[in-house]
Amino acid sequence: MVSATSVKEALQSTAPADGMLVQGWVRTRRDSKEFSFVELNDGSCLRNLQIIARQTLPNYDAVQRLTTGAAIRAQGSLVTSQGKGQSWELVADEIEIIGGSDETYPLQKKGHTPEFLRAISHLRPRSNLFGCVFRVRSRLAFAVHQFFQERGFVYVHTPIITASDAEGAGELFSVTTLDLEKPPRRPDDGRVDYAQDFFARRTFLTVSGQLEAEAFACALSKVYTFGPTFRAENSNTSRHANEFWMIEPEMAFCDLHGNMDLAEEMVKYLVHDIRENCAEDLGLFAKFVDKELLARLEFVVDRPFQRISYEEAITLLKASGEEFEFPVEYGLNLQSEHERWLSEKHFKCPVTVFNYPKEIKPFYMRLNDDHRTVTAMDLLVPGIGEIVGGSQREERLDVLEENMRRHKMDLADYKWYLDLRRYGTVPHAGFGLGFERMLMFVTGVANIRDVIPFARTPGSAEF
Ligand code: 4AD
Ligand code: MG
């Protein structure tokens, strides 16, 4: 059998060709007096290839009954198109119907609501919009690796099952094989005896690979993780998922400024890469999802991001005259409404806020000389708010131990982490980029559920 040509390759042809084989799913079919025209899509690109079926085909009757969603294989001659708006079409010598469909196929031509499409997450990648989303998702993942590999970072696979709460926020999913109906109990206090659990201790799905990445940065100098992370936070928003992917670089011999520089360079690189390599898909988002998208992306790659301290951010927010749901005062954990005001309304560009009060940030961030703030940084972008969170890490053993006690942590559980400060400690820094938030930013898609193949959110884990 001839090997198949993808629709993308067929449409990029430079010369007519005979005996070309294409395969995919029928988007639409219409008939004229002499022909049947089938629009074929195989997901290799946004556009369809038009297949022309002549009455002389032995199964012309069956072709005329083809409906949207059916899978076919067609062999024939690629010729320059007579019709407007397309360069090539395939005049079929043979059409094989591989898998039929019928009028109950849910993705008919009319527009559908996002909610309806989420309920058919197994079929929505066959729509134009979601085909584009998931092609861009794939390219973005590739570009992430390319960015770090070009700069000499080593990719580290940090564990997915872990014993530590890296963010200290208690938003952990437990991993256990204990019988939840009748777990073993400790004789002394009657509490669940995790010593009898699978790993002989309590374990969780990771919320972040940072702590383990720190161990590797303190050996391989520049590392990054890129993997799934899990948070049992009950926030039903358009920007939170319970399973999401995070990119976490970690650099030894690096301070907060080097960290902010890398985050800015990375976001620009990713935007630039997607503009270069996914132009057709971006065109669809610009037309149907977000009219401002292309102008915004161009603006982002061309200009330096703003940088302000948390204290300056509070001053600006107070002076803004806006009625925020969460009133602004020093010590407030910035909410999405504040983050968006800063990046969307005030600066109208991405902005990195740094040096947050120590009380609202995790134990591992380096204490500044003012003893009030830590070297935290959050990168905020228009339309989304926080896309990156990071910090310089506390490398001084005594200060770190003090921070951990203040956060009521059991130091014995983190002996290995403290060892990194006992042996060859160095200033180091890193951050986490939410992969889905970055994808929302480059596509303009407003809900995180629509950039994840099968989203996990509170009360919802179908498929
Ligand atoms: O700010 P976060 O919680 O930082 C950390 O986890 C650090 N350990 C990272 C580091 O320094 N290595 O999360 C980092 C980013 C956020 O800025 C956001 O983009 C994304 O991860 N994120 C989420 N994305 C989707 N759904 C959620 N529930 C998210 N929580 C965080
Ligand atoms: Mg954060």
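This write-up is about the structure you can find in this document.

So, the packing of helix H9 (residues 310-318) against helix H10 (residues 336-346)
- The N-to-C vectors of H9 and H10 enclose an angle of 80°; their axes lie 11 Å apart at closest approach. Judged by the inter-axis angle, H9 sits roughly perpendicular to H10. Counted together, Ala-313, Leu-316 and Leu-317 of H9 and His-338, Trp-341, Leu-342 and His-346 of H10 form the full contact between these two elements.

Digging into the environment of Asp-102
- Within the element layout of this structure, Asp-102 appears in the loop between strand S5 (88-99) and helix H3 (114-119).
- Judged by relative accessible area, Asp-102 falls into the partly exposed class, the value being 34%.
- Once the C-alpha coordinates of Asp-102 and Ala-70 are considered, the two residues, 32 residues apart in sequence, prove to be 7.9 Å apart.
- Not counting the four nearest positions on each side in its chain, Asp-102 is found in contact with Thr-67 and Gln-108.

Here's the deal with the packing of aromatic side chains
- Taken as a whole and assessed by the stated rule, the structure comprises 17 aromatic pairs.
- Judged by centre distance (5.3 Å) and plane angle (85°), the ring pair of Tyr-310 and Tyr-330 falls under edge-to-face. Linking Tyr-310 in helix H9 with Tyr-330 in the loop between H9 and H10, this pair joins segments that are 20 residues apart in sequence.
- On the basis of relative accessible area, Tyr-310 is assigned to the buried category, the value being 0%.
- A relative accessible area of 30% places Tyr-330 in the partly exposed class.
- Relative to Tyr-364, the ring of Phe-363 lies with its centre 5.4 Å away and its plane at 80°, an arrangement referred to as edge-to-face.
- Classification of Phe-363 as buried rests on a relative accessible area of 1%.
- Look at Tyr-364 and you get buried, because its relative accessible area is 4%.

Remarks on the sheet that holds strand S15 (residues 385-392)
- Taken together, the eight strands give an open sheet; going across it, the order is S6-S10-S11-S16-S15-S14-S13-S12, and neighbouring strands pair in mixed fashion. The open sheet has two free edges, formed respectively by strand S6 (154-155) and strand S12 (306-309), since each of these has just one partner strand.
- Of the pairings in the sheet, the one linking S6 to strand S10 (residues 222-230) comprises two bridges and is parallel in character. Looking at S10, one finds that Tyr-155 is bridged to Tyr-224.
- Relative to S10, helix H4 (residues 128-150) is tilted by about 155°, and along the sheet it contacts S6, S10 and strand S11 (243-252).
- Contacting S6, S10, S11 and strand S16 (428-434), helix H5 (residues 210-220) runs over the sheet at an angle of about 30° to S11.

A look at the side chain of Thr-375
- For Thr-375, the position within the fold is in strand S14 (residues 373-381).
- Thr-375 sits in the buried class, given a relative accessible area of 5%.
- Beyond its immediate sequence surroundings of up to four residues, Thr-375 is in contact with Leu-256, Asn-355, Arg-366, Asn-368, Gly-390, Ser-391 and Gln-392.

Focus on the pattern of salt bridges
- Summed over the entire model, instances satisfying the criterion amount to 29 salt bridges.
- For Arg-29, the salt bridge goes to Asp-31, with nearest N and O atoms at 3.0 Å.
- Residue class for Arg-29 comes out partly exposed when judged on its relative accessible area of 25%.
- Since its relative accessible area comes to 37%, Asp-31 is described here as partly exposed.
- For Arg-307, the salt bridge is made with Asp-261, and the minimal N-O distance between the two is 2.8 Å. Of this pair, Arg-307 sits in strand S12 while Asp-261 sits in helix H6 (residues 256-277), placing them 46 residues apart in sequence.

Here is what the cut-offs are and how they apply
Residues numbered from 1 in each chain as written. Chains lettered and ligands numbered in written order. Predicted model: local features only at pLDDT ≥ 70, side-chain atom pairs only at ≥ 80, totals over all residues. Heavy atoms only, no water. Axes fitted to C-alpha atoms, helices over the stretch in contact; angles between N-to-C directions. Helix = DSSP H or I, 4+ residues; strand = E, 2+ residues; numbered from the N terminus. Parallel < 35°, antiparallel > 145°, perpendicular 65-115°, else oblique. Contact = heavy atoms within 4.5 Å. Buried < 20%, exposed > 50% of the residue type's maximum accessible area, 1.4 Å probe, protein only. Phe/Tyr/Trp six-rings, centres within 6.5 Å; stacked < 30°, edge-to-face > 60°. Pairing = 2+ DSSP bridges. Salt bridge = Lys/Arg side-chain N within 4 Å of Asp/Glu carboxyl O.

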